[in-house]
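Residues per chain are reported as follows:
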Amino acid sequence: MGILDKFSLQGRIALVTGGAGPLFGSSISEALVEAGATLITASRSRERNEEFAARLRQQGYEAYGMQVDITSVESIQALHDEVIARFGRLDVLVNSALARVGGSFETQTPEDWLYSARGDMVGLFTICRAFVPDMVRQGRGSIINIASIYGVVGNDPTLYEGTDMLQPPHYNFVKAGMINFTRYLANYYGKKGVRANCISPGGYFNNQPEPFLSRYCKRVPIGRMLGPEDIKGAVVFLASDASEYITGINLLVDGGWTSL
């Protein structure tokens with residue numbers, strides 16, 4: 001097998017939670033189908049995911065939309081049962097969905113943190129626990145958790161001055177925990193053929209206010225924010241046999257942000 005063949009996901013079944021999202025999710029989904037995988041994308045809105053999957057099928061890819069609420073154990077189990085009933089297995093699990101909570105340290109409430117915990121902690125654990133046994137039985141599987149640079153380093157409050165952007169403190173907490181939970185999975189299941197890795201993206205361009213954009217781009221070594229194509233290579237690499245001897249890592253796709 002040539003090196004480029006190792007990057008192929010032909011014949012693999014891949015699930016992306018939050019995979020129809022306008023930021024990381026859709027880029028991750030596109031990367032997997034472009035590499036040959038059969039894609040399942042799932043989030044709260046089945047309709048939105050089915051519409052996204054239909055657009056991918058129009059381009060000649062194999063994609064399906066399903067529904068999951070990552071804050072609900074029952075919903076996660078239902079997604080697992082639907083995936084296994086339809087496809088018989090899962091080769092790649094990308095956890096990209098986020099239990100979205102806004103606010104700052106001054107405005108967030110304990111209820112906000114409990115809601116985040118149901119999705120970003122309990123939900124992550126539950127969906128991995130649901131699919132890992134299937135991966136163990138087939139002797140192969142790749143779990144990719146989408147973390148963040150803010151799971152590695154702290155926020156820089158000066159970036160947000162002069163804007164209405166807020167820094168939700170729960171985000172740092174859950175993303176840092178995700179990275180170490182990924183290491184746990186990697187160590188626990190490595191000898192059973194299941195790999196687990198993280199990708200920690202930098203800031204994604206989303207038409208943020210100009211003061212934030214200029215400060216961010218000035219600070220990051222590459223000089224710009226992350227775009228929709230920038231995460232694709234990392235996802236395909238960690239999902240494919242090109243990374244078959246790699247597990248437990250946190251791959252920083254941040255333009256050099258954390259190198260400073």
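Our structure is the block above this text.
Because the structure is a prediction, the values reported are computed rather than measured.

**Q** Could you give me a rundown of the pattern of salt bridges, with the residues and numbers involved?
**A** Considering all chains together, one arrives at 12 salt bridges under this definition. The closest approach of N and O atoms between K232 and E30, which form a salt bridge, is 3.4 Å. In this pair, K232 sits in helix 8 (residues 232-239) while E30 sits in helix 2 (residues 24-34), placing the two residues 202 residues apart along the sequence. You can call K232 buried: its relative accessible area is 8%. Residues D134 and R137 are paired through a salt bridge, measuring 2.6 Å at the closest nitrogen-oxygen approach. Pair noted here: D134 and R137 are both in helix 5 (residues 110-138), with a separation of three residues, about one helical turn. D134 gets classed as buried once you look at its relative accessible area, which sits at 10%. Judged by relative accessible area, R137 falls into the exposed class, the value being 63%. Ionic contacts of the salt-bridge type, sharing partners, join the residues E30, E34, E229 and K232 into one network.

**Q** Any chance you could break down a nonpolar patch on the surface for me, citing the residues and the numbers?
**A** Taken together, V73, W113, M121, V122 and F173 make up a surface patch of nonpolar side chains, about 450 Å² in accessible area. The greatest single-element share of the nonpolar patch, amounting to three residues, is contributed by helix 5. Within the element layout of this structure, V73 appears in helix 4 (residues 73-87).

**Q** Break down empty space enclosed by the protein for me, citing the residues and quoting the values.
**A** Evaluated as defined, the whole model comprises one cavity of 30 Å³ or more. Its boundaries defined by the atoms lining it, the largest cavity holds a volume of some 120 Å³. Taken together, 14 residues form the lining of the largest cavity, with I70, N95, A97, G119 and L124 sitting closest to its centre. For the lining of the largest cavity, the element with the highest residue contribution is helix 5, accounting for five residues. Here the residues of the lining of the largest cavity are counted per class, giving seven nonpolar, five polar and two charged.

Cut-off values and rules
Residues numbered from 1 in each chain as written. Predicted model: local features only at pLDDT ≥ 70, side-chain atom pairs only at ≥ 80, totals over all residues. Heavy atoms only, no water. Salt bridge = Lys/Arg side-chain N within 4 Å of Asp/Glu carboxyl O. Helix = DSSP H or I, 4+ residues; strand = E, 2+ residues; numbered from the N terminus. Buried < 20%, exposed > 50% of the residue type's maximum accessible area, 1.4 Å probe, protein only. Patch = residues over 30% accessible without salt bridge, like charges linked within 9 Å, V, L, I, M, F, W, Y side chains within 5 Å. Areas by Shrake-Rupley, 256 points an atom, 1.4 Å probe, with all protein chains shown as cover. 1 Å grid on protein atoms, 1.4 Å probe; cavity = no way out; pocket = protein on both sides within 12 Å on 5 of 7 lines; lining within 4 Å. Points joined across faces, edges and corners; volume = space filled by probe spheres on them. Nonpolar A, V, L, I, M, F, W, Y, C, P; charged D, E, K, R; others polar.

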